[in-house]
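A closer look at the structure
Given next are the chains, with one letter for each unit.
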Amino acid sequence: KRALLDQLDERVQFDLPESLVEAEAAQIAHQLWHEEHPEEHGHNHGSIEPTEEHRKLAERRVRLGLLLADVGQKAEITVTDQEMTQAVMRQARNFPGQERAFFEFIQQNEAAQQQLRAPIFEDKVVDFIFDQAQVTERDITKEELENGEGVAMCPGCSLIIKVIYDKDQFACGETVPVPSVNKE
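Counting of residues starts from 1 at the beginning of each chain's written sequence and follows it residue by residue. This being a predicted model, a pLDDT of at least 70 is required before a residue's local features are given, and a value of 80 or more before pairs of side-chain atoms are given or counted; all residues contribute to the totals for chains, interfaces and linings. Water and hydrogen atoms play no part in the side-chain values, which are based on all heavy atoms of the structure.

1. Brief notes about the overall build of the chain
Of the regular secondary structure elements, the chain holds seven helices and two strands. Numbering of helices and strands starts at the N terminus; helices are DSSP runs of H or I of at least 4 residues and strands are runs of E of at least 2. Along its sequence from the N terminus, the chain presents helices and strands in the succession α-α-α-α-α-α-α-β-β. Type-normalised accessible area, obtained with a 1.4 Å probe on protein chains alone, sets the label of each residue: buried when under 20%, exposed when over 50%, and partly exposed for intermediate values. Residue burial in the chain is summarised as follows: out of 184 residues, 21% are buried. Of the contacts made within the chain by residues no fewer than 6 positions apart, 65% connect residues no fewer than 24 positions apart. Total accessible area computed for the chain in this model is approximately 14,300 Å², and 51% of it derives from carbon and sulfur atoms. Should any heavy atoms of two residues lie within 4.5 Å, those residues are considered in contact. Values of accessible area rely on a 1.4 Å probe in the Shrake-Rupley scheme; residue burial ignores everything except the protein chains shown.

Dropping the structure here:
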């Protein structure tokens, strides 16, 4: 999943709504601040200014979120009531003795519902994209790797598949003996 999202982030560029990027960067900065200051409960602290790193991460999240939403909408992907119920039940287990209050909170809070729905939707869209992929196996010879040719391109979508290895540790001309089979 991460590799797919990395490829999409690299290959798909479009103008992003500045307000979404700013809001996401602020949310990232705020979340990270609280992770770094676990002793601070509540929000009685000064404003937290997003850094350039927060902004870059926000741009990635917004870009991928909008892209996945568009793909999901065009493919008519939805999160079913059953999937939502399962997600709510999983989360409710984190609040032993308060499950009923948690259920009521989720029922009355659209933002909390969306927070549970979003990762389910994202996973379903990613699965849809993987299901649409046509995988073609191709053997790569040792000579091709030695020459740096460990790359193949899909003719239909231009997706580049790359064999990742450390060329410095790849011994050119090395002969590797076939492992012996111990028949004890």
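2. Section: the nonpolar core
The biggest cluster of nonpolar side chains holds 10 residues, and these are V79, M84, A87, V88, A92, F102, I106, A112, L116 and I120. Top contributing element to this core by residue count: helix α4 (residues 81-92), with four residues. The residues contacting A112, other than those within four sequence positions of it, are F105 and I106. Working definition of a nonpolar core: buried Ala, Val, Leu, Ile, Met, Phe, Trp, Tyr and Cys residues. They are joined through side-chain atoms within 4.5 Å.

3. Some details on the packing of aromatic side chains
For any pair of aromatic rings, the description rests on two quantities: the centre-to-centre distance and the angle between the ring planes. Aromatic rings from Phe, Tyr and Trp, with only the six-membered ring used for Trp, were paired whenever their centres fell within 6.5 Å, and each pair was classed as stacked if the ring planes differed by under 30 degrees, edge-to-face if by over 60, and tilted otherwise. Tallied over the entire structure, the rule returns one aromatic pair. Plain terms: the ring middles of F95 and F102 are 5.1 Å apart, the flat faces sit at 20° to each other, and that makes the pair stacked. Under the relative-accessibility criterion, F95 is labelled partly exposed at 34%. Residue F102 is classed as buried on the basis of its relative accessible area of 12%.

4. Points about the pattern of salt bridges
When a carboxyl oxygen of Asp or Glu is within 4 Å of a side-chain nitrogen of Lys or Arg, the pair counts as a salt bridge. The full count for this structure, using the stated rule, is 11 salt bridges. Measuring nitrogen to oxygen at the nearest pair gives 3.0 Å for the salt bridge that ties K124 to E83. Of this pair, K124 sits in helix α6 (residues 110-132) while E83 sits in helix α4, placing them 41 residues apart in sequence. Classification of E83 by relative accessible area gives partly exposed; the value is 23%. Taken together, the salt bridges that share partners define one network made up of R2, D6, D9, R60 and R63.

5. Focus on a nonpolar patch on the surface
What makes a patch is a set of residues exposed beyond 30% relative accessible area and free of salt bridges, joined within 9 Å when like-charged and within 5 Å when nonpolar (Val, Leu, Ile, Met, Phe, Trp, Tyr). A contiguous nonpolar surface patch, about 220 Å² in accessible area, is contributed by F14, L20 and L66. Tracing the backbone through its elements, the reader meets L66 in helix α3 (residues 52-74). According to the relative accessible area criterion, L66 is partly exposed, its value standing at 32%.

6. Quick notes on unusual backbone geometry
Phi is positive for E76, close to 55°, though the residue is something other than glycine. When you line up the elements, E76 lands in the loop between α3 and α4.

7. Things to note about the packing of α4 against α6
Structural elements are reduced to axes, namely lines fitted to C-alpha atoms, with helices fitted over the stretch in contact, and the angle between N-to-C directions of any two is expressed from 0 to 180 degrees. The geometry of α4 relative to α6 is characterised by a closest axis approach of 10 Å and an angle of 120° between their N-to-C directions. On the basis of their axis angle, the class for α4 and α6 is oblique. When you trace α4 past α6, the crossing you get is right-handed. Seen from α4, the contacting residues are E83, M84, A87, V88 and Q91; seen from α6, they are Q113, L116, R117, I120 and K124. Tallied by class, the residues present in the contact of α4 with α6 amount to five nonpolar, two polar and three charged. For this classification, under 35 degrees means roughly parallel, over 145 means roughly antiparallel, 65 to 115 means roughly perpendicular, and everything else is oblique. It is the rotation of the near helix from the far one that decides the hand of a crossing: anticlockwise by less than a right angle makes it left-handed, clockwise makes it right-handed. Three categories are distinguished: nonpolar for Ala, Val, Leu, Ile, Met, Phe, Trp, Tyr, Cys and Pro, charged for Asp, Glu, Lys and Arg, and polar for the others, with Gly belonging to the last.

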